[in-house]
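# Tertiary structure, described
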Amino acid sequence: MKNKWKLAFFILLGSVTVILITLFIMASAPVEQGENIPNSSEAVERDVSFDITTNKADLNKVINHYLEEEGFSGSIDYQVLLQDEVELYGAIPVFGQELQMKLTFEPKALKNGDLVLRQESISLGALNLPVSYVMNLIKSSYEIPEWVEIRPGEETVYVSLQTMKLKSNIKIRANKFDLKRDNISFTLLVPVD
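Residues numbered from 1 in each chain as written. Predicted model: local features only at pLDDT ≥ 70, side-chain atom pairs only at ≥ 80, totals over all residues. Heavy atoms only, no water.

Relative to the helices and strands, Thr54 resides in strand E1 (residues 47–54). Assessed through its relative accessible area of 19%, Thr54 is described here as buried. (Helix = DSSP H or I, 4+ residues; strand = E, 2+ residues; numbered from the N terminus. Buried < 20%, exposed > 50% of the residue type's maximum accessible area, 1.4 Å probe, protein only.)

On to a nonpolar patch on the surface, then. On the surface, Val48, Phe50, Ile52 and Val192 cluster together into a nonpolar patch covering about 310 Å² of accessible area. Within the secondary structure, Val192 is located in the segment after strand E9 (183–191). (Patch = residues over 30% accessible without salt bridge, like charges linked within 9 Å, V, L, I, M, F, W, Y side chains within 5 Å. Areas by Shrake-Rupley, 256 points an atom, 1.4 Å probe, with all protein chains shown as cover. Salt bridge = Lys/Arg side-chain N within 4 Å of Asp/Glu carboxyl O.)

Looking at the chain, the pLDDT average stands at 79 and 79% of residues meet or exceed 70. Looking over the chain, one finds the lowest element-wise mean pLDDT in helix H1 (residues 2–28), namely 71, and the highest in strand E8 (residues 171–178), namely 91. With pLDDT under 50 throughout, residues 36–44 is counted as low confidence; its partners more than four residues away or in other chains account for 4 contacts. (pLDDT = per-residue confidence, 0-100. Contact = heavy atoms within 4.5 Å.)

Moving on to the nonpolar core. Membership of the largest hydrophobic core comes to 35 residues, with the highest contact counts inside it found for Ile138 and Phe177. With 5 residues, the top contributor of residues to this core is helix H3 (residues 131–141). Sequence-distant contacts of Phe177, that is, excluding residues within four places in its chain, are made with Leu59, Leu82, Val86, Pro107, Ala109, Leu115, Asn183, Ile184 and Phe186. (Core = buried A, V, L, I, M, F, W, Y, C linked by side-chain atoms within 4.5 Å.)

Let us now look at the environment of Thr187. Among the secondary structure elements, Thr187 is positioned in strand E9. Setting aside chain neighbours within four positions, we find Thr187 in contact with Ser49, Phe50, Asp51, Lys171, Ile172, Arg173 and Asn175. A distance of 2.8 Å separates polar atoms of two side chains, one belonging to Thr187 and the other to Asn175. (Polar contact = N/O pair within 3.5 Å; in protein donor to acceptor, adjacent residues only side chain to side chain.)

Let us now look at the packing of aromatic side chains. Under the counting rule described, the total for this entry stands at 1 aromatic pair. Measuring from ring centre to ring centre gives 6.1 Å for Phe177 and Phe186, while their planes differ by 75 degrees; the resulting arrangement is edge-to-face. In terms of burial, Phe177 and Phe186 fall into one category: buried. (Phe/Tyr/Trp six-rings, centres within 6.5 Å; stacked < 30°, edge-to-face > 60°.)

This part is about helix H2 (residues 56–69). Its 14 residues place the ends of H2 20 Å apart at the C-alpha level, agreeing with the 20 Å of an ideal helix rising 1.5 Å per residue. One side-chain oxygen of the residue at the start of H2 lies 3.2 Å from the amide nitrogen of Ala57, identifying that residue as Asn55. (Expected span 1.5 Å × (residues − 1).)

Laid out in structure tokens, this is it:
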């Protein structure tokens, strides 16, 4: 009787061992990938894009918060306001006096995602100064982000959104920038590699 129990014990032990080895092999095998799941060896896109639509009121808050947080107000405060045009308010030193100014620009989104602001009008106290002179004064008086280029000769401001530094290397592109219709849209490009 002892041999039957011994034999039964070893058969049971062998069966359990075979089952455990089979389960271990099956558990450690790679998972089959479906057709819709990309293989890890395939090339991964560098950026994931998110389309964002906003309005002038919200974008006004973001722009001025960014300018304040990044310390771009400089020694002379200025403010950007989006109405039917881009408006720049501030003070500028002229002949030892600080004169209040208002410049308006017509924005245009470029195909590369950057913006060009074409100078429309200028108010500088009661003075009638050439636009290029005032833009040169702004360029020399204000601390402006490196991705904003004032071009006095062309009477434009070039906003290179592609080179704008955002946290986590996020990039931004302007798709539409129609202030009169309050139709503003951007694409955020978030790196994933």
